[in-house]
Amino acid sequence: MIVGRRESENGSLEFLHGLPEARSTAIVLPHNFQGPAVMVVGPLTAATLNYAGSLAVRFSNRCPDPESAMVRVVESSGERIVPVTLVPAAQAARTIAG
């Protein structure tokens, strides 16, 4: 997974995901809060989606109610809005950047 740290990075992740040759399976975007885009590379399972959503909540500076967070999932087959089931492992995840 790749998490955008800035608005420009979020836009780049969305652009790259939309390319025909993209290897990403989905991009997860905040729906009812402001936060980062999360690009998923690999199978999009329920567990993967919950982890990606939890990362978006964790790295958001503006998610007033994490328990009611919703994300927009963009896949090649279309888009859907889903609730985030918070995953404790996302709170302990370390990033490459530090």
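Residues numbered from 1 in each chain as written. Predicted model: local features only at pLDDT ≥ 70, side-chain atom pairs only at ≥ 80, totals over all residues. Heavy atoms only, no water.

Draft legend 1. Seen up close, the overall build of the protein. Looking only at helices and strands, the protein has three helices and five strands in total. Reading the protein from its N terminus to its C terminus gives the helix and strand order β-α-β-β-α-β-β-α. In terms of C-alpha radius of gyration, the protein reaches 12 Å, essentially the compact-globule figure of 13 Å for 98 residues. Along the first, second and third principal axes, the C-alpha atoms of the protein reach 35 × 30 × 20 Å. Counting across all 98 residues of the protein, residues that qualify as buried make up 35%. Taking the intrachain contacts of the protein between residues at least 6 apart in sequence as the baseline, contacts between residues at least 24 apart amount to 57%. Put simply, the protein shows about 6,000 Å² of open surface, and 54% of that area lies on carbon and sulfur atoms. Across the protein, 8 positive and 8 negative side-chain charges occur, with their mean positions spaced 8 Å apart. (Helix = DSSP H or I, 4+ residues; strand = E, 2+ residues; numbered from the N terminus. Rg over C-alpha atoms; globule rule 2.2 N^0.38 Å. Buried < 20%, exposed > 50% of the residue type's maximum accessible area, 1.4 Å probe, protein only. Contact = heavy atoms within 4.5 Å. Areas by Shrake-Rupley, 256 points an atom, 1.4 Å probe, with all protein chains shown as cover. Lys, Arg positive; Asp, Glu negative; His and termini not counted. Charge placed at Lys NZ, Arg CZ, Asp CG, Glu CD.)

Draft legend 2. Up close: the pairing of strand β5 (residues 78-83). Bridging between strand β4 (residues 70-75) and β5 involves six bridges; their strand directions are antiparallel. From the neighbouring strand, V71 faces β5, where its bridge partner is V82. The turn joining β4 and β5, which pair antiparallel and follow one another in sequence, is formed by two residues. (Pairing = 2+ DSSP bridges.)

Draft legend 3. Up close: the sheet that holds strand β2 (residues 26-30). Strand order across the open sheet formed by five strands is β1-β3-β2-β4-β5, with antiparallel pairing between neighbours. Where the open sheet ends on each side, the last strands, each with one partner, are β1 (2-3) and β5. Across four bridges, β2 lies against β4 in antiparallel orientation. Looking across to β4, one finds that L29 is bridged to R72. Against the sheet, helix α1 (residues 7-18) touches β1, β2, β3 (38-40) and β4, its axis set at about 145° to β2. Sheet contacts for helix α2 (residues 46-58): β1, β2, β3, β4 and β5; angle to β3, the most-contacted strand, approximately 160°. (Axes fitted to C-alpha atoms, helices over the stretch in contact; angles between N-to-C directions.)

Draft legend 4. Local environment of the pairing of β2. Burial analysis of β2 places five of its five residues in the buried class, which makes it a mostly covered element. Covered by surrounding structure in β2 are A26, V28 and P30 together with I27 and L29, the residues of both alternating faces. Here β2 runs beside β3; their pairing, made up of three bridges, is antiparallel. Its bridge partner being in β3, A26 is matched across the sheet by V40.

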